[in-house]
Amino acid sequence: MPILKSIQFIELPNGMRVSSLFGSFNVLSAAKNASQVSDSSFESPLGGSGNSLATNQTDGAYSSTAKQEGKDSNASDERNGLGEPPSSNGKPVIDGASTISDGVELGESETEDKATGHVPKLSFHPSYAVVDIAPAPAPPDRKRTDEDGNAAQASPPVHTPSIEPPAEHIKNDPRTHPEINETPTRNEAAKPLPAVVSITRMNELLRQSRHSYRSAKPLWPSAADEDIISAKSEIENAPYVNDPKLHAPLYRNVSMFRRSYELMERILKVYVYREGKSPVFHRPPLQGIYASEGWFMKLMEANRKFVTKDPAKAHLFYFPFSSRQLEEALYVPGSHKKSNLIAFLEDYLTTIRGRYPYWNRTGGADHFAVACHDWAAYETRRVMPNSIRALCNSDVNEGFEFGKDVALPETKIRSPKNLLADIGGKPPSQRDTLAFFAGRMHGYLRPVLLRHWQDKEPDMKIFGKMPKVKRQPSYMEYMKRSKYCICPRGFEVNSPRVVEAIFFECVPVIISDNFVPPFFEILNWESFAVFVPEKDIPDLKTILLSIPNKRYVEMQQRVKKVQRHFLWHARPEKYDIFHMTLHSVWFNRIFSFR
């Protein structure tokens, strides 16, 4: 019986996907076994399924992944993310349950594409290959603005805060105990990541992290450690459940998620450090595109269920600092230097290490920060390398670590007093625009998007700054009436449009190489979103039209179901964004513990 080594999975007509864990499998045997498995089989984060079966229902995820098929004379243009695809005689092979793997390289001539009639090649399984596009970094002192050109966050003038380190000898300083600075164990055989990491490769890296990433071993035991060990066993052995409140296809493993969430509600205790002066500490932004860190801090500090005043009972320790306020308070515009911001955080941690033994016990592995400013990944990478970081700028190539860090949703809050204003959108049958984007030209990618699609197709509403024309829909109205909302990166990989699309029940189309989508360890993003590599912008409409209407309606309905995980409430509600952020921190701590 033939063995097909290149196939990673096969999807049956009923939507069941049969996966290989080892790179090859017997297709006929797998299909026969799959017919005996319930549609609700689920993937284990350890690499298999929740019931030790090599099957996984993921509903034929639509992700367009890049496949390199050779170099040509346009290689330099490809690295810049510019141009059109070279000539090709490929014909689209469209299947209702297929994924898209088009292997197009970008050239420089716009007329070449029209002359050859190039269309992307559609295949039955996603490519695991990547391409090496390495865009130049953006200036470090840029200021982000919204789609209307307004400042991203209007903050009042603030004075530089200060923290006074304790005068007494810091007896628990890690410099006197070098063993607590032990680097977390990683897979020594792991190769450096390529410049572009596909969503398929990210899924692999996440699965590998369950085996390869381990936090530093605590210097001495605690009762909290026993809770974590017990919780890990219960989560790994969670029985299958059919919870009508949780739509199974939205999750990597709905049973494990449900059990982990239940244990979090029952046993998790968090100690919030009281040190640090406002505004960098304890006074976060609650409006604008950085508001996620602010609302989490506000709700965490006021929480009575999870917060404990006794740090000896804590499973996690929270640093209540605002990366946005740190930038506002200390950054010197035009200096291109962040060393003083990093030094400020180092002084803060010196204080914490001197006053408490808890950081030193684990090397900071049970500590976490929630930060949404673009620079937060850079600022925290050296200061708290072993700590869990919930980051809006969740960039694989800027140090985001699968199994430890959490991708934080970037949510634009327009009115802190009305967090759910204008939520919702039109049903699929009333969405008459195929794709929509409007925004300022931040970064290298958006000008490429406009060059290919602005004013080119009537059903592709692609703008720069939103024009103000009489009787033309507003930005919000377009999102409410469009099938797909285009979410391209700006200066950084993250964009508030991803959550805005979900907010207005529009299927997100994420065009941002190396961007780890929010709550990646929990959610099956490919069941409700489309991923398009940056190099495939010229084929954007072809990719979207290749998705059957039945599949689109299914994704749109799932966007409505997953919406609850991306909503802020003045008083946190079960499964909302506050609880999901805390849960992801808890979940990663459990599975990195040793």
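In this text, all values refer to a predicted model and were calculated from it rather than measured experimentally. (Residues numbered from 1 in each chain as written. Predicted model: local features only at pLDDT ≥ 70, side-chain atom pairs only at ≥ 80, totals over all residues. Heavy atoms only, no water.)

## Brief notes about the overall build of the protein
Threshold: Counting from the N terminus, the helices are the DSSP runs of H or I reaching at least four residues and the strands are the DSSP runs of E reaching at least two. Any two residues having at least one pair of non-hydrogen atoms within 4.5 Å are treated as being in contact. Only the protein chains shown count as cover for residues, and the accessible areas themselves come from Shrake-Rupley with a 1.4 Å probe.
Looking only at helices and strands, the protein features 17 helices and 16 strands. Residue pairs in contact within the protein that sit at least 24 positions apart in sequence constitute 74% of those at least 6 positions apart. Carbon and sulfur atoms make up 52% of the accessible area of the protein, which amounts to about 24,200 Å² in all.

## Let's talk about the pattern of salt bridges
The test is simple: Any carboxyl oxygen of Asp or Glu within 4 Å of a side-chain nitrogen of Lys or Arg constitutes a salt bridge here. Any residue under 20% of the maximum accessible area for its type is buried, any over 50% is exposed, and the rest in between are partly exposed; the area is computed with a 1.4 Å probe on protein chains only.
Overall, the coordinates contain 22 salt bridges when judged by the stated rule. With a shortest N-O distance of 3.1 Å, Glu204 and Arg201 are connected by a salt bridge. Linking Glu204 with Arg201, this pair stays in helix 4 (residues 199-212), spanning three residues, or about one helical turn. Overall, the relative accessible area of 18% leaves Glu204 in the buried class.

## Observations regarding the sheet that holds strand 14 (residues 482-488)
Worth spelling out the cut-off: Note on pairing: two strands pair once DSSP finds at least 2 bridges between them.
Spatially, the five strands line up as an open sheet ordered 13-12-14-15-16, and their pairing is parallel. Each having just a single partner strand, strand 13 (460-462) and strand 16 (530-531) make up the two edges of the open sheet. As paired strands, strand 12 (residues 433-437) and strand 14 are joined by three bridges and run parallel to one another. Bridge pairing in strand 14 links Thr433 to Ser482.

## What to know about unusual backbone geometry
Residue Pro279 follows Ser278 across a cis peptide bond; omega there is 10°. The backbone of Asp455 sits at a positive phi, close to 60°, despite the residue not being glycine. Looking at the element boundaries, Asp455 is found in the loop between helix 12 (445-453) and strand 13. Positive phi, normally seen in glycine, also occurs at Asn514, with a value near 75°. Tracing the chain through its elements places Asn514 in the loop between strand 15 (507-511) and strand 16. Judged by relative accessible area, which is 7%, Asn514 ranks as buried.

## With respect to the confidence of the model for the protein
Here is the rule: Values of pLDDT, ranging from 0 to 100, describe the predictor's confidence in every residue of the model.
The predicted model of the protein averages 76 in pLDDT, with 67% of residues at 70 or higher. In this model, residues 145-151 is a region of pLDDT below 50 whose contacts with residues beyond four sequence positions or in other chains number 21 contacts. Contacts for the low-pLDDT stretch residues 153-189, under 50 throughout, to residues beyond four places or in other chains number 68 contacts.

## Some remarks on the sheet that holds strand 10 (residues 388-391)
Across the sheet, which stays open at both edges, the five strands sit in the order 7-8-9-10-11 with parallel pairing between neighbours. Since the sheet does not close on itself, it has two edges, and those belong to strand 7 (270-272) and strand 11 (406-407), each with one partner. Across three bridges, strand 8 (residues 316-319) lies against strand 9 (residues 367-371) in parallel orientation. Its bridge partner lying in strand 9, Tyr318 is registered against Phe368.

## Quick look at the side chain of Glu379
Note the cut-off: Charged residues are defined here as Lys and Arg on the positive side and Asp and Glu on the negative side; His and the ends of the chain fall outside this count.
Mapped onto the elements of the fold, Glu379 is located in helix 11 (residues 376-383). Although buried, Glu379 forms no salt bridge, and the nearest oppositely charged side chain, Lys338, lies 7.0 Å from it. The residues contacting Glu379, other than those within four sequence positions of it, are Ser323, Leu326, Leu341, Ile342 and Leu345.

## Describing the environment of Trp453
Threshold: Whenever two N or O atoms come within 3.5 Å, that pair is a polar contact, provided that in protein one can donate a hydrogen and the other can accept it, and provided that, for residues adjacent in sequence, both atoms are side-chain atoms.
Summarising the element assignment, Trp453 is placed in helix 12. Accessibility expressed as a relative area gives 9% for Trp453, which makes it buried. The spatial distance from the C-alpha of Trp453 to the C-alpha of Leu540 is 8.8 Å, given a sequence separation of 87 residues. Discounting chain neighbours no more than four positions away, the residues touching Trp453 are Met460, Ile462, Ile537, Pro538, Leu540 and Lys541. Within the local environment of Trp453, its side chain forms a polar contact with the backbone oxygen of Ile537, the two atoms lying 2.8 Å apart.

## Comments concerning helix 11
Formally: Of all possible arcs, the one meant is that of the directions from the helix axis to the C-beta atoms.
Those residues of helix 11 that fall on the buried side of the exposure criterion are Ala376, Ala377, Glu379, Thr380 and Val383. With its buried residues spanning 165° around the axis, helix 11 presents them on a single face.

## Quick look at the packing of helix 7 (residues 291-301) against helix 17 (residues 577-592)
Threshold: Angles run from 0 to 180 degrees between N-to-C directions of axes, and those axes are lines fitted to C-alpha atoms, restricted for helices to the stretch in contact. Oblique is the label for any angle not under 35 degrees, not over 145, and not in the 65 to 115 range, which are roughly parallel, roughly antiparallel and roughly perpendicular in turn. Only Asp, Glu, Lys and Arg are considered charged in this grouping, and only Ala, Val, Leu, Ile, Met, Phe, Trp, Tyr, Cys and Pro are considered nonpolar; every other residue, Gly among them, is considered polar.
Between helix 7 and helix 17, whose axes approach to 10 Å, the crossing angle comes to 85°. One element, helix 7, and the other, helix 17, form an angle in the roughly perpendicular class. Taken together, the residues of helix 17 that come into contact with helix 7 (itself represented by Phe296, Leu299 and Met300) are Phe578, Thr581 and Leu582. Taken together, the residues of the contact of helix 7 with helix 17 break down into five nonpolar, one polar and no charged.

## Things to note about the packing of helix 5 (residues 223-236) against helix 6 (residues 254-267)
For clarity, the threshold we go by: Crossings are classed by handedness, with left-handed meaning an anticlockwise turn of the near helix from the far one by less than a right angle and right-handed meaning a clockwise turn.
Helix 6 packs onto helix 5 with a crossing angle of 155° between their chain directions and a minimal axis gap of 8 Å. As judged from the angle between their axes, helix 5 and helix 6 are roughly antiparallel. Once helix 5 is placed against helix 6, the crossing between them reads as right-handed. Packed against helix 5, whose contacting residues are Asp227, Ala231, Glu234, Ile235 and Glu236, the element helix 6 presents Met256, Arg259, Ser260, Leu263, Arg266 and Ile267 at the interface.

## Quick notes on the state of the cysteines
The line we're drawing: In this description, the term disulfide denotes a pair of cysteine sulfurs within 2.5 Å.
Evaluated as defined, the whole model comprises two disulfides. Here Cys372 connects covalently by a disulfide to Cys392, the sulfurs 2.0 Å from one another. A torsion of -90° about the S-S bond marks the disulfide between Cys372 and Cys392 as left-handed. Here the residue Cys372 occupies a position in the loop between strand 9 and helix 11, and Cys392 occupies one in the loop between strand 10 and strand 11, the gap between them amounting to 20 residues. Cys392 shares its class with Cys372; the two are buried. The disulfide partner of Cys485 is Cys506, and the gap between their sulfur atoms is 2.2 Å. One quick way to see it: the torsion about the S-S bond of Cys485 and Cys506 is about 110°, and its sign makes the bridge right-handed. Residue Cys485 is located in strand 14, and its partner Cys506 is located in the loop between helix 14 (497-503) and strand 15; the two are separated by 21 residues in the primary sequence. Of the two residues, Cys485 and Cys506, both sit in the buried class.

## Re the nonpolar core
Note the cut-off: To qualify as a nonpolar core, a set must consist of buried Ala, Val, Leu, Ile, Met, Phe, Trp, Tyr and Cys residues joined through side-chain atoms within 4.5 Å. Where each domain starts and ends comes from a domain assignment, either automatic or drawn from a database.
One finds Phe368, Tyr484, Ile486, Trp525 and Leu540 to be the most contacted residues of the largest nonpolar core, which totals 114 residues. Per-element tally for this core: the top contributor is helix 17, with nine residues. Split by domain, the residues of this core number at least three in each of domain 1 (199-412 + 579-592) and domain 2 (433-566). Listed in part, the 26 residues of the second largest apolar core include Phe317, Ile352, Tyr356 and Trp359.

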